[in-house]
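Remarks on the overall topology
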Amino acid sequence: MNRFLFLFLFLMPFCFAKAQQGMISGKVTDRVTGEEIVGAAVFIDGTTIGAATDFMGEFRIANVNPGTYNVKCQSISYEPQVINAVVVGEGKDTFLDIKISSAELKLEEVQVVARVNRESENMLLLEQKGAMVSKESIGAQQLSVQGISDASSAVSRITGISQQEGSQTINVRGLGDRYNSTTLNGLPLPSNHAEFKNIDLKLFPSDIIGSVGVEKNFTSNLNADVAGANIDVVSKKHTGDAYLQFGVGTGYNMNLTQPSSFFLQDGPGFTGFDNFKRPASIQTYAFTNSWDPVKKTAQPDMDLSLSGGKTFQLGDGKLNLFATASFDNEYSYNKYLERKVNGSDDNRMDLAGDEFGYKTQTTAMLNLNYNINRNDFYFNSFFLNSSDQELKEMRGYIMDVVGDIDQEEALLRRSDFERNVVMVNQFIGNHELNNGYSLNWKVGYNHIDNILPDRRKNILLRDNQNVYTPSTNDAANNHRYFHDLNEDELAATIDVSKTFGQALSANRTYRGKITIGASGRMKDRSFEAFQYNHGLDKNRVEPIDINNVDGYFNNERLQAGYFSVKTFFGTLNKPSIYEGNQVMGAGFLSLEYALTPRLSTLLGVRFEALQQEVSYETTLKDGKNDFAEMNAFPSLSFKYELNETQNLRFASSMNYTLPQFKETAPFLFEGITDATVGNPYLYPSKNYNGELKWEWFPSGGELFSVAGFGKYIQDPINKFVTASASDEFSYANTGGWAYVYGVEVEAKKNLFSHETESGFSRLSLAANLSLMETYQELDKDKVRKESKGSVIAAFNTDREELEGAAPLLMNANLVYSRQWNNRQNAFSASIGYAYTSERLYLIGYSSLGNQYDSAFSDLNVVLKSKFKNLGVSLSAKNLLNPDFVRVQKNPNMEHEVRSYTKGVKIGLGLTYNF
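The rules behind the values
Residues numbered from 1 in each chain as written. Predicted model: local features only at pLDDT ≥ 70, side-chain atom pairs only at ≥ 80, totals over all residues. Heavy atoms only, no water. Helix = DSSP H or I, 4+ residues; strand = E, 2+ residues; numbered from the N terminus. Buried < 20%, exposed > 50% of the residue type's maximum accessible area, 1.4 Å probe, protein only. Contact = heavy atoms within 4.5 Å. Phe/Tyr/Trp six-rings, centres within 6.5 Å; stacked < 30°, edge-to-face > 60°. Lys NZ or Arg CZ within 6 Å of the ring centre and 35° of its normal. Salt bridge = Lys/Arg side-chain N within 4 Å of Asp/Glu carboxyl O. Core = buried A, V, L, I, M, F, W, Y, C linked by side-chain atoms within 4.5 Å. Patch = residues over 30% accessible without salt bridge, like charges linked within 9 Å, V, L, I, M, F, W, Y side chains within 5 Å. Areas by Shrake-Rupley, 256 points an atom, 1.4 Å probe, with all protein chains shown as cover.

**Some details on the side chain of Thr363**
Summarising the element assignment, Thr363 is placed in strand 20 (residues 347-372). Assessed through its relative accessible area of 2%, Thr363 is described here as buried. The residues contacting Thr363, other than those within four sequence positions of it, are Pro205, Ile208, Thr324, Ala325, Ser326, Phe382, Phe383 and Leu384.

**A look at the packing of aromatic side chains**
Under the criterion given, the structure shown has 33 aromatic pairs. An angle of 65° between the planes, with centres 5.3 Å apart, marks the rings of Tyr552 and Phe553 as edge-to-face. Comparing Tyr552 with Phe553 shows no difference in burial state: the two are buried. Ring centres of Tyr739 and Tyr741 lie 6.0 Å apart, and the angle between their planes is 15°; on these two criteria the pair is classed as stacked. In this structure, Arg455 packs its charged tip against the face of Tyr481, placed 4.1 Å from the ring centre. For Arg540, the ring lying beneath its charged end belongs to Tyr562, and the centroid distance is 4.2 Å.

**Here's the deal with the pattern of salt bridges**
Evaluated as defined, the whole model comprises 35 salt bridges. Among the salt bridges present, the one from Lys693 reaches Glu695, with a minimum N-O distance of 3.9 Å. In this pair, the class of Lys693 matches that of Glu695, namely buried. Put simply, Glu136, Arg173, Lys216, Arg649, Glu691, Lys693, Glu695 and Glu744 are held in one network by salt bridges that share partners.

**Things to note about the nonpolar core**
Counting residues in each nonpolar core, the largest one holds 30 residues, and the members touching the most others are Val155, Leu201, Phe204, Val212, Phe382 and Val422. Those elements giving two or more residues to this core turn out to be helix 4 (151-155), strand 10 (170-172), strand 13 (209-215), strand 14 (230-235), strand 21 (375-398) and strand 22 (407-432). In this view, Phe382 contacts Leu203, Phe204, Ile208, Thr363, Ala364, Met365, Val422, Met423 and Val424; residues no more than four positions away in its chain are not counted. Counting 20 residues, the second-largest nonpolar core is a separate cluster that includes Phe287, Tyr562, Phe563 and Val565.

**Topic: a nonpolar patch on the surface**
Residues Leu244, Phe246, Val248, Leu304, Leu306, Phe867, Leu870, Leu910, Tyr912 and Phe914 make up a contiguous nonpolar surface patch of roughly 870 Å² in combined accessible area. Those elements giving two or more residues to the nonpolar patch turn out to be strand 15 (243-253), strand 18 (301-314) and strand 49 (905-913). Of the residues forming the nonpolar patch, the biggest block, three residues, is contributed by strand 15. The residue Leu306 is located in strand 18 in this model. Here Leu306 falls in the partly exposed class, since its relative accessible area comes to 43%.

Here you go:
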């Protein structure tokens, strides 16, 4: 750490050194319409030194020696324009206002060295074409046209990626949460949930997103704990003219027409900023909220937003400011079915009923970008508060509680309120130094608080006389639960690059580039959970009013001995806890080199040292476990330019996958039909990755690509059902190997395009297809041996698919867009379709079959129009409203163990620019 700090402080003075070279910047527009030209090539005539214009038509050519030059501008469908005698002064920025006229012209390829605005689809494709590393991105333009509301929905549109329904898990090429990583502007993000490694991407609304990029191949600048993909959310930055935009929207889920009344739990308010304290003592009954559901009115959803940006001239530099704040909520309802079936095809639990939901999200972000000479500084501050209320009320059969006193039916009522608070602060610097050197550094601090205050669960029994009594067989059948997860993370990275050698082709300005860097990460997590079980005196059980549970569980009856309240530690008001600490330090080196005019390579190696420690105190076990790893992780990429529009790429790498804090702590997490316990004997698995990809960029905005990929995993980690009386879940390195291989196909095509002086009309299609095969070894003897007998597996096969991997994924999106009246008015219509095939959800054991999520389709329609400053949008999502069904395939028959529908969602939105 001291060496890292010394290097950082030593290099900082260079960040502010005033360059002796100058710069040419400016803006390119259509001479007739005044529209900004995206992707125009601006370069010094007779050289390959140049830049491409961004989404606002702006460009910047750095590292220009003082002198007088002729500057040339070219763009598809426009006449070339030459600006003669452009004078570049020492350390000065020469600004050019370039206006070009329409014509038919093929654009010569020059190197793109501008600061790319990653909101434009064309610019993202241009960047993808020129990059040494294969990366797929979706920008703010596409998010807006397709009506994509968050980062999770955005990445699900990218080839080979799907979101597991009912979970925050993202699967990339068959690999789930544990194999992926998530970053914001290249800096790591913590998880908001004890169950998962990655933050829920649904928490990032489209208001704050400039683009979302997915890098499916490991390179040396990434943390080594990523075998599936690194998903990088790039925050929105301001460019162009100053603006202030106010937005208001509403929506309604058609499922809400089904119930005669709408209920939620007592306590949480409208805004979602609530927290409830646990009782200081269990000797008296002092819970804040009522057991009983509260009747509510399911109002139409509401969406409010305010955003704006402005550029300020500060001395010789510019300060770009972007800020946004928003609040939205969402009501939901569905009919819910859940069953638990054993290996003999007997129902242990068979419940059906209602699920009511209410979500809120409050978001605020400030992004500052200051650029002076050849130095860019970014400050990004992000705050988010989300809440999720869920009330389930289901009736049916529960084998463990029904049948001992002539009961006919069980009533299970469970209410959850979960709140997430996320705070992210980042400071980033990019500096172009003299003689081909550049310096980049990033520092970030994250804090997350995940709160589940006062979860309530009741199991009540109804007899033949329609009389209800509370269940007495297990004190946990009637309980209240509190947990609090806090995580703080500090991350930093710095690298220095040097270009060298004479370029071998016109689209490069150097032959080679060497980068050396270092990164560090320190993470601290604390988690505590209290569960207050209500044990009843079986000799004093009395009828209970299901609409007045507080009349049964209260302080008067507690003192009278009708029931007792105990934690997992008995009469001690004491939590189960675990604390995790992770420290990572790494150095990385990469060499980019043009072997021939068309063939380039990128060779990298990352040296990473990691130490992880988890200590815990639970009713199951006290103690701690730790492991330390120090490894070298190589990566290799080749890019061969078949011609001006086609690339052939190859990439391979090696890295590892770490067990997570919660997975190694013997801590009991309880759901409605399941419970999970950690395994302290877990250890990292190793991953080997390879990809071969062909890309064709026929013209602006178009792409055809085919990629074949393969991954081999040594000692993979899985979650599975243990062979125990309670059928608990646990984790283990379940076999010696696993592999996944497949093919991805992507196409983006302009089907029709017509341009006029005042606007254009365009019809485009984007589609992708992913086919994959996965297998892994399952070895029960290995699990038992490595866990020293504390975890017992009884897999029903020794070969199985990977959990969460869908063999077939498909996305298609048809967009019609039109602009007229000098582009002041606009209209777009988008139809999006997605298909996910059946996938393995859970590995079974003995005669208990695997569980599979059935295939489903998704269809969305979004209409948008703009009339000068006023914008109007209309959306209809989940139009097919499929049944989400989970099936357990026992040897003799199949059982539906879960089903629900999400409902058709209709939305209307208005925006106004001041």
